[in-house]
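Structure at a glance
Residue strings, one per chain:
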Amino acid sequence: GVYSLPDIKSASASDNEELPHLKRSHQRRPTIPEKHMGHWPVFRKDTQALKSKEILQILNEFTENPKNDLVCDSVPSICNDNAVFIINTAKLQHQDDIFTDSMGKYNKSSKGRCAIGDQTVLRWNYPHKLTPTLRKMIYRVCDKEEENFLSYCIIQYFFTDGVPKEVSFEPHKNCKN
């Protein structure tokens, strides 16, 4: 189906200013969503990290009204593109599966928190070790105690220079050959 986010306002500079990410999301979606590598539906393409209010809005909307044609039942294993994926964490074998993929090593992540009302947005930023312009972002929404999480999360891959490229990687040291 056709899906676009309603307008939300930025609480920062001006209450009348729309978040730039939402302006891009107002474009009509194709009836059949693009699938990355023929398997994972792409929610949208973006070249910047998502903002906390936007993450909260997207994940609350999917929790209340799932758009199954836009939801991944597994974590994308490889992504050489600027892409945002909505993951149904209830379909994963383990909640921590959101942190793994087949893209090789990442540098140590930074973790951020942003409390909005009675919810908290958690974000992990993983710079790729051998392709420094690649970022893997993981976004979750939970209660203030960080105990109860929504069933959906967002995984975003983007290149800081906006240009998708082939990603160099070496296998994890814990792989058995």
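Refer to the structure above for everything that follows.
Residues numbered from 1 in each chain as written. Predicted model: local features only at pLDDT ≥ 70, side-chain atom pairs only at ≥ 80, totals over all residues. Heavy atoms only, no water.

Here's the deal with the pattern of salt bridges
Note the threshold: Every case where a carboxyl oxygen of Asp or Glu lies within 4 Å of a side-chain nitrogen of Lys or Arg is listed as a salt bridge. The helix count covers DSSP runs of H or I at least four residues long, the strand count covers runs of E at least two residues long, and both are numbered beginning at the N terminus. Each residue gets one of three labels from its accessible area relative to the maximum for its type: buried under 20%, exposed over 50%, partly exposed in between, using a 1.4 Å probe on protein chains only.
Across all of its chains, the model carries seven salt bridges by this definition. A salt bridge links Glu-54 to Arg-44; the shortest N-O distance between them is 2.4 Å. Residue Glu-54 is found in helix α2 (residues 52-64), and its partner Arg-44 is found in the loop between β2 (40-41) and α2; the two are separated by ten residues along the sequence. Arg-44 shares its class with Glu-54; the two are buried. A salt bridge links Asp-101 to Lys-136; the shortest N-O distance between them is 3.3 Å. Of this pair, Asp-101 sits in the loop between β4 (83-88) and β5 (110-116) while Lys-136 is found in strand β7 (residues 134-143), placing the two residues 35 residues apart along the sequence. Each member of the pair, Asp-101 as well as Lys-136, is classed as buried. Ionic contacts of the salt-bridge type, sharing partners, join the residues Arg-44, Asp-46 and Glu-54 into one network.

Some points on α2
Selection criterion: Given a helix with a known number of residues, its expected span is that number minus one, times 1.5 Å.
Over its 13 residues, α2 runs 18 Å from end to end, which matches the ideal 18 Å to within 8%, given 1.5 Å per residue. Of all the residues in α2, the buried ones are Ser-52, Glu-54, Ile-55, Leu-56, Gln-57, Ile-58, Leu-59, Asn-60 and Phe-62.

A few points about the packing of aromatic side chains
Centre-to-centre distance and the angle between the planes together describe a pair of aromatic rings. Our working definition: What counts as a ring pair is set by centres within 6.5 Å for rings of Phe, Tyr and Trp (its six-membered ring), and what kind of pair is set by the plane angle: stacked under 30 degrees, edge-to-face over 60, tilted for all other angles.
Evaluated as defined, the whole model comprises six aromatic pairs. Ring plane angle 75° and centroid distance 6.4 Å describe the contact between Phe-85 and Tyr-157, whose orientation is recorded as edge-to-face. Of this pair, Phe-85 sits in strand β4 while Tyr-157 sits in strand β8 (residues 152-159); the two residues are 72 residues apart in sequence, bridging distant segments of the chain. The residues Phe-85 and Tyr-157 share a single accessibility class, namely buried.

A look at the sheet that holds β7
Note the threshold: In short, DSSP must find at least two bridges between two strands for them to pair.
Read from one edge to the other, the open sheet built from six strands follows the order β3-β4-β8-β7-β6-β5, with strand pairing classed as mixed. Among the strands making up the open sheet, the edge pair consists of β3 (71-72) and β5. With seven bridges joining them, β5 and strand β6 (residues 119-127) adopt antiparallel strand pairing. Looking at β6, one finds that Cys-114 is bridged to Val-121.

Concerning the pairing of β4
A large share of β4 lies buried, amounting to six of its six residues. Because side chains alternate across β4, one face comprises the buried residues Ala-83, Phe-85 and Ile-87, and the other comprises Val-84, Ile-86 and Asn-88, equally buried. Here β3 runs beside β4; their pairing, made up of two bridges, is parallel. When the bridges of β4 are listed, Cys-72 appears paired with Ile-87. Here β4 pairs with β8 via six bridges, running antiparallel. In the sheet register, Ile-86 faces β8, and the bridge partner there is Ile-154.

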